[in-house]
Amino acid sequence: ALPAGVNPRSVALARQWRFKEAMAPLAEADRRWTIANLKAGPHVRAHLWRLIGFLELDQPQDAAREVAILSAGTGSDPWVSLYLLRYLVVAGRAAEAVPTLERFADGNPENVEVLYALALGQLALGRKRDAGVTARRALACVPDGHPTLHYWREPLTTLLGRTR
């Protein structure tokens with residue numbers, strides 16, 4: 001379910017990786033959710049989308065605020081875990097993240113988001129060959145013309161270029 005007051009279009013924009021347009025409405029949705037549900041705490045999905053957005057927009061300080069909120073929450077959402085691990089890579093802590101990302105990839109061998117996060121971590125550790133293999137694996141999972149997965153072609157191709 002969407003947070004109270006969220007514009008469904010903001011979630012649609014986020015799902016299309018159009019984060020510049022989606023960030024403000026997602027923040028407003030969480031603000032409204034928090035006011036309406038004081039005891040429930042922050043809306044996890046709104047903060048997760050904001051974390052993904054800040055990572056994609058290369059805004060690590062803003063991402064760190066979302067990480068703090070998501071880390072304080074309870075529950076075990078695998079998507080939250082994935083993007084918390086991806087944040088560790090961005091924060092220079094890839095050595096902590098990569099072993100868990102490798103396990104995620106073993107369990108989700110065709111998940112483009114998991115493979116992309118793993119390739120970023122491998123690259124951050126200087127494992128260019130491994131990162132190249134993982135990025136190619138991820139690219140092979142992106143079907144031509146897919147309505148949302150097509151987004152991954154550009155970042156994966158860019159990452160692949162960095163492995164040479």
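Residues numbered from 1 in each chain as written. Predicted model: local features only at pLDDT ≥ 70, side-chain atom pairs only at ≥ 80, totals over all residues. Heavy atoms only, no water.

A. The arrangement of the side chain of His47 in detail. Mapped onto the fold, His47 is located in helix α3 (residues 44-56). What makes His47 buried here is its relative accessible area of 5%. A polar contact is formed between the side chain of His47 and the side chain of Glu66, at a distance of 2.4 Å. Ignoring any residue separated from it by four or fewer positions in sequence, one finds His47 in contact with Asp30, Pro42, Glu66, Ile69 and Leu70. (Helix = DSSP H or I, 4+ residues; strand = E, 2+ residues; numbered from the N terminus. Buried < 20%, exposed > 50% of the residue type's maximum accessible area, 1.4 Å probe, protein only. Polar contact = N/O pair within 3.5 Å; in protein donor to acceptor, adjacent residues only side chain to side chain. Contact = heavy atoms within 4.5 Å.)

B. Seen up close, helix α7 (residues 112-124). With 13 residues, α7 extends 18 Å from end C-alpha to end C-alpha; this agrees with the ideal 18 Å at 1.5 Å per step. For α7, a buried count of 12 out of 13 residues is recorded, marking the element as mostly surrounded by other parts of the structure. Buried within α7 are the following residues: Val112, Glu113, Val114, Leu115, Tyr116, Ala117, Leu118, Ala119, Leu120, Gly121, Gln122 and Leu123. Taken from the residues just after α7, Gly126 is the one with a positive phi, measuring 80 degrees. (Expected span 1.5 Å × (residues − 1).)

C. A look at the confidence of the model for the protein chain. With 87% of its residues at a pLDDT of 70 or more, the protein chain shows a mean pLDDT of 84. Looking at the elements of the protein chain, mean pLDDT is at its lowest for helix α1 (residues 8-15), recorded as 67, and at its highest for helix α6 (residues 94-107), recorded as 96. (pLDDT = per-residue confidence, 0-100.)

D. Local environment of unusual backbone geometry. Not every positive phi belongs to a glycine, and Asp58 is a case in point at roughly 55 degrees. Counting through the fold element by element, Asp58 comes out in the loop between α3 and α4 (60-72).

E. Main features of the packing of helix α2 (residues 19-36) against α3. Two elements in contact, α2 and α3, have axes whose closest approach is 9 Å; the angle formed by their N-to-C orientations is 150 degrees. Here α2 is positioned roughly antiparallel relative to α3, judged by the angle of their axes. Crossing handedness for the pair α2 and α3: left-handed. Contact residues: α2 offers Phe19, Met23, Leu26, Ala27 and Asp30, while α3 offers Ala46, His47, Trp49, Arg50, Ile52, Gly53, Phe54 and Glu56. (Axes fitted to C-alpha atoms, helices over the stretch in contact; angles between N-to-C directions. Parallel < 35°, antiparallel > 145°, perpendicular 65-115°, else oblique. Left-handed = near helix turned anticlockwise from the far one by under 90°.)

F. Up close: the packing of α3 against helix α5 (residues 78-90). The contact between α3 and α5 brings their axes to 10 Å, and the two run at 30 degrees. Taken together, the axes of α3 and α5 lie roughly parallel to each other. Judged by the sense of rotation from one axis to the other, the crossing of α3 with α5 is left-handed. The residues of α5 that touch α3, namely those facing Val44, Arg45, Leu48, Leu51, Ile52, Leu55 and Glu56, are Trp79, Val80, Tyr83, Leu84, Arg86, Tyr87 and Val90. Partitioned by chemical class, the residues of the contact of α3 with α5 number 11 nonpolar, no polar and three charged. (Nonpolar A, V, L, I, M, F, W, Y, C, P; charged D, E, K, R; others polar.)

G. Structural context of the environment of Leu156. With respect to the secondary-structure elements, Leu156 resides in helix α9 (residues 153-162). Overall, the relative accessible area of 0% leaves Leu156 in the buried class. Counting along the chain gives 40 residues from Leu156 to Tyr116, while the straight-line C-alpha distance between them is 6.9 Å. When sequence neighbours within four positions are dropped, the list of residues in contact with Leu156 reads Val112, Tyr116, Ala135, Ala138, Leu139 and Val142.

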